[in-house]
Amino acid sequence: MSEYVKSLMAEVRAKHAAQPEFHQAVEEVAESIDIVLDRHPEYRSAKILERIIEPERVIIFRVPWIDDQGEVHINIGYRIEMNSAIGPYKGGLRFHPSVNLGILKFLAFEQVFKNSLTSLPMGGGKGGSDFDPKGKSDLKIMRFCHAFMSELFRHIGPNTDVPAGDIGVGGREIGYLFGLYKKLRNEFTGVLTGKGLNWGGSLIRPEATGYGAVYFAAEMLGTKNETLEGKTCLVSGSGNVAQYTTEKILDLGGKVVTLSDSNGYIHDEEGIDREKLAYVMELKNVRRGRIKEYTDKYKNAVYTAIDANAEFNPLWNHKADCAFPSATQNEINAKDAQNLVKNGVYVVSEGANMPTTPDGVEVLMDKKILYGPGKAANAGGVAVSGLEMSQNSQRLPWTREEVDKRLQLIMKNIHGTCVEMADRFGTPGNYVNGANIGGFLKVADSMIDQGVV
Ligand code: NDP
Ligand code: 2IT
């Protein structure tokens, strides 16, 4: 690590104390960008990276709400408005008990580079709450969403800040959030993405992150003249990203043998076919059940509990060709990465944000496998959010084929940018450097154009 990165990180750790995920995200980018700053002293003297690290604005608010039994609850609400150099703040909302300021800052920071890579005009943001939606009735979810939006509405807008979904926030939550926004503002605008199809949503938005992560994997395989046909794939998570990752792998002729939730995972040696996937979608999206129930229906599959404190996650310890981590941050550590490689995995395409720890990344890079970091590989979700914004502005919906065609082109271009930037800055094949540098340059040049603001 250079002296510059060391001193930058010492300052980040001091100023943003006790935010390990934020430090992790910043350090990875700083290490990639160091060489860019050497070649472009104007970025260094304008303190571009130092400015990108500091959120433009952080909003923290109380979310009091009353459940259907009349009990009062208090959650914390957040919106991190990270960077607006290339467009309105854009990024998801996460509802999960683990949510805190540091986690949302890491996500907002990653979002800045990811959104830039899509080539669409979107700045970076992220928000959410420590609210736990698990096991709650629709009525409780609605009450919470309305309480959350009763404060958030004054900070967002279609040209200011456009939230969307993330962990714990899907179509149902976006509906409740949109309903209250519309009522309070007395306007019908594209202030949120991931909306329902009847009220301004885009076709393919629910599918986009998972499809995009698979398109990205296909692009990486293409550099070796290979395809996903016949490949065995490990997928973690069983939410939005995991489901549509599985669907697209099936479309492209691959086989998915695992899915998980925070309690455990299923391994289905025969593969999760379309009928089984439909069962998972109904289980997770309608009944809101646990992945363990898969083995009640499909007796050949094996369920194993996951202990978050164990040395390694057994899900990553199966024979396979490709892995699509699609649950949460830091779900692949160094031991997991070693297990992946030992089991034959040579493609990792990250549907989740920062699912691999820094020493896990080091293992994958040392082994020179095809490793697509989240900010490139999972950019399809926010890209189609950007397309939803375009359709809302035009007041004209596009067909499924049109949106999917654009998504595929965007993922191809992101892959191309990663390859080109990695080459240009002397680390061919390094998608981490390629993504960080490609995302950085457009934001940096825009910040230079706009002066010190
Ligand atoms: P969902 O809420 O739909 O699903 C999340 C899945 O991950 C669930 O299976 C959940 O299990 C599991 N999970 C969540 N937290 C943990 C945890 N701490 N440990 C283990 N498993 C966990 O979310 P998404 O599918 O939308 O998001 C998954 C990942 O993809 C996240 O990293 C998100 O940031 C990223 N992402 C999402 C995008 C989107 O458009 N939705 C876009 C780009 C990235 P359980 O039910 O037990 O909580
Ligand atoms: O991490 C992400 O890119 C998302 N959760 C999607 C953000 C968006 O605005 O669609």
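Calculation notes
Residues numbered from 1 in each chain as written. Chains lettered and ligands numbered in written order. Predicted model: local features only at pLDDT ≥ 70, side-chain atom pairs only at ≥ 80, totals over all residues. Heavy atoms only, no water. Helix = DSSP H or I, 4+ residues; strand = E, 2+ residues; numbered from the N terminus. Expected span 1.5 Å × (residues − 1). Buried < 20%, exposed > 50% of the residue type's maximum accessible area, 1.4 Å probe, protein only. Arc of directions from axis to C-beta. Contact = heavy atoms within 4.5 Å. Axes fitted to C-alpha atoms, helices over the stretch in contact; angles between N-to-C directions. Left-handed = near helix turned anticlockwise from the far one by under 90°. Nonpolar A, V, L, I, M, F, W, Y, C, P; charged D, E, K, R; others polar. Near = heavy atom within 4 Å. Polar contact = N/O pair within 3.5 Å; in protein donor to acceptor, adjacent residues only side chain to side chain. Areas by Shrake-Rupley, 256 points an atom, 1.4 Å probe, with all protein chains shown as cover. Core = buried A, V, L, I, M, F, W, Y, C linked by side-chain atoms within 4.5 Å. Phe/Tyr/Trp six-rings, centres within 6.5 Å; stacked < 30°, edge-to-face > 60°.

Draft legend 1. Focus on helix α1 (residues 3-15). Relative to the 18 Å expected for 13 residues at 1.5 Å per residue, α1 spans 18 Å between its end C-alpha atoms, a close match to the ideal helical length. Turning to α1, its buried residues are Tyr-4, Val-5, Leu-8, Met-9 and Val-12. Axial view of α1: buried residues confined to an arc of 120°, hence all on one face. When the buried face of α1 is taken as reference, the exposed residues oriented beyond 90 degrees from it are Glu-3 and Ala-14. Those residues of α1 that are buried are in contact with α2 (20-39), α3 (41-45) and α4 (48-53).

Draft legend 2. Quick peek at the packing of helix α8 (residues 205-222) against helix α15 (residues 379-394). Between α8 and α15, whose axes approach to 7 Å, the crossing angle comes to 145°. The two elements α8 and α15 meet at a crossing, and its hand is right-handed. For the pair α8 and α15, contact is made by Arg-205, Ala-208 and Thr-209 and by Gly-380, Gly-381, Val-382, Val-384, Ser-385 and Glu-388, respectively. Within the contact of α8 with α15, the residues separate by chemical class into three nonpolar, four polar and two charged.

Draft legend 3. Seen up close, the site of ligand 2. Not every one of the 14 residues close to ligand 2 is listed here, only the nearest: Lys-90, Lys-114, Asp-166, Arg-205 and Ser-385. Within the side chain of Asp-166, an N or O atom sits 3.0 Å from a nitrogen atom of ligand 2. A distance of 2.5 Å separates an oxygen atom of ligand 2 from a polar side-chain atom of Ser-385. About the coverage of ligand 2: the protein hides 94% of its 300 Å² of free accessible area. Each residue belonging to the shell around ligand 2 can be placed in one class, and the counts come to two nonpolar, seven polar and five charged.

Draft legend 4. Layout of the site of ligand 1. The full set close to ligand 1 counts 25 residues, and Asp-166, Thr-209, Ser-262, Arg-290 and Asn-353 are the nearest of them. A distance of 2.9 Å separates an oxygen atom of ligand 1 from a polar backbone atom of Asn-240. Arg-290 has a polar side-chain atom sitting 2.6 Å from an oxygen atom of ligand 1. When ligand 1 sits alone it has 890 Å² of accessible area, and the protein chains cover 83% of it. Within the residue set of the shell around ligand 1, elements represented by two or more residues are α8 and α9 (240-251). Taken together, the residues that form the shell around ligand 1 break down as four nonpolar, 14 polar and seven charged.

Draft legend 5. Structural context of the nonpolar core. In terms of nonpolar packing, the biggest core is built from 54 residues, with Phe-216, Leu-259, Tyr-294, Phe-324, Leu-407 and Ile-414 touching the most fellow members. Non-local contacts of Tyr-294, meaning those with residues more than four positions away in its chain, are made with Ile-266, Asp-268, Ile-272, Lys-276, Tyr-279, Val-280, Leu-283 and Ala-301. In this structure, Leu-8, Met-9, Met-82 and Ala-108 belong to the second largest nonpolar core, which totals 41 residues.

Draft legend 6. Expanded view of the packing of aromatic side chains. For the structure shown, the criterion picks out 19 aromatic pairs. Note on Phe-95 and Phe-144: the rings are 5.1 Å apart at their centroids and 90° apart in plane angle, and the pair reads as edge-to-face. In this pair, Phe-95 sits in strand β3 (residues 89-95) while Phe-144 sits in helix α6 (residues 138-152), placing the two residues 49 residues apart along the sequence. Taking relative accessible area as the criterion, Phe-95 reaches 1% and is therefore assigned buried. Looking at Phe-144, the relative accessible area reads 0%, which means it is buried. Ring geometry for Phe-216 and Tyr-431: centres 5.9 Å apart, planes at 70°, overall edge-to-face.

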